[in-house]
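Listed below are the residues making up each chain.
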Amino acid sequence: MDCKASFLEKLFQLFVLHGAKTLTMDDIAREFSISKKTLYQLYKNKEALLADVLNFISDKVLHEMEKIENQSSCPIQSLFERNNVINEVLGSEKNLFIMQLMKYYPEVYHHHLLKVHSKMTNLIENNFASGLEKKLYCEDVPREMYARFLITLFFSIDTSPLFETCDAKEKEGICKDVLNFYLDAILTEKGKERKKELLSEFKI
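Computed from a predicted model, the values in this text were never measured in an experiment.

What counts, and where the lines are drawn
- Residues numbered from 1 in each chain as written.
- Predicted model: local features only at pLDDT ≥ 70, side-chain atom pairs only at ≥ 80, totals over all residues.
- Heavy atoms only, no water.
- Helix = DSSP H or I, 4+ residues; strand = E, 2+ residues; numbered from the N terminus.
- Buried < 20%, exposed > 50% of the residue type's maximum accessible area, 1.4 Å probe, protein only.
- Lys, Arg positive; Asp, Glu negative; His and termini not counted.
- Salt bridge = Lys/Arg side-chain N within 4 Å of Asp/Glu carboxyl O.
- Polar contact = N/O pair within 3.5 Å; in protein donor to acceptor, adjacent residues only side chain to side chain.
- Contact = heavy atoms within 4.5 Å.
- Core = buried A, V, L, I, M, F, W, Y, C linked by side-chain atoms within 4.5 Å.
- Expected span 1.5 Å × (residues − 1).
- Phe/Tyr/Trp six-rings, centres within 6.5 Å; stacked < 30°, edge-to-face > 60°.
- Lys NZ or Arg CZ within 6 Å of the ring centre and 35° of its normal.

A. Just the side chain of K46, in detail. Along the chain, the position of K46 falls in helix α4 (residues 46–71). Of the side chains with opposite charge, D27 lies nearest to the buried K46, which makes no salt bridge, at 7.2 Å. At 2.6 Å, the side chain of K46 and the backbone oxygen of A20 are in polar contact. Discounting residues that sit within four places of it in the chain, K46 has contacts with F15, A20, K21, L23, T24, M25 and Y105.

B. The arrangement of the nonpolar core in detail. In terms of nonpolar packing, the biggest core is built from 31 residues, with M65, I76, Y137, Y182, L183 and I186 touching the most fellow members. Within the residue set of this core, elements represented by two or more residues are α4, α5 (75–90), α7 (106–133), α8 (143–159) and α9 (168–186). With 7 residues, α9 is the largest single contributor of residues to this core. When sequence neighbours within four positions are dropped, the list of residues in contact with I186 reads F128, L136, Y137, C138, V141 and Y146. Counting 25 residues, the second largest nonpolar core, distinct from the first, contains L8, L23, L50 and F97.

C. Seen up close, α4. For α4, spanning 26 residues, the distance from its first C-alpha to its last is 38 Å, which sits close to the expected 38 Å at 1.5 Å a residue. The N-capping residue of α4, defined by a side-chain oxygen 3.2 Å from the backbone nitrogen of E47, is N45.

D. Looking closely at the side chain of T159. Mapped onto the elements of the fold, T159 is located in helix α8. Within polar-contact distance, the side chain of T159 engages the backbone oxygen of F155 at 3.0 Å.

E. Summary view of the packing of aromatic side chains. Counted according to the given criterion, the structure contains 5 aromatic pairs. Seen in terms of ring centroids, F12 and F97 are 5.9 Å apart; in terms of plane orientation they differ by 85 degrees. Their pairing is edge-to-face. Note that F12 is positioned in helix α1 (residues 2–18) and F97 in helix α6 (residues 95–104), a separation of 85 residues in sequence. Here F97 falls in the buried class, since its relative accessible area comes to 1%. Each ring, one from F15 and one from F97, has its centre 5.8 Å from the other, and the planes form 20 degrees; the classification is stacked. On the criterion of sequence distance, the pair formed by F15 in helix α1 and F97 in helix α6 is long-range, its members being 82 residues apart. The residues F15 and F97 share a single accessibility class, namely buried. Three or more aromatic residues joined by ring pairs form one cluster here, namely F12, F15 and F97. Between K10 and the ring centre of F32, over which it is positioned, the NZ or CZ distance is 5.2 Å. Geometry around Y104 places K21 over its ring, the cationic atom sitting 5.4 Å from the centre.

Read these as layout, nothing more, since geometry by itself doesn't imply function.
Here is the structure:
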């Protein structure tokens, strides 16, 4: 398992560096010093390989996000901490990889998007339930719709042409802006005060 995880981790970094289309099966076989035949015994085509890489990375991110949610006593703080995890695990520059994935492998990307959306929605809804219990979040909020808005905005940072010229630092700032935008729409007065405390305490 560790061997496969290392393989998929390195493969993800190669795709980020070269692009989903540009990095060929020949390149991958050469990089890992295996024959192309062996590679095709592991994966029947490049689509299957890409799907495995995407599943591995998204599961890694979601696992870390779940850990934070379970360990944190404050749902607002856990949202900011989970945002940091996304940036750390996924790395800085993903534009080429994502854009080529959308253009040349739309079915793979679409399936991946739906899978991640479903899991992230559950995380956000659990976070919202915790915020309601602590009276940090407003009750009269269309939580499912707001969860969709939040996820869509996060994904757009890497997929929208509006942000394609932004560097890694700028995107990190945009991620924080998106999260603040979401929180400002759902926080109670008590929640707003807690958010101010967190911003001051952790310099978020």
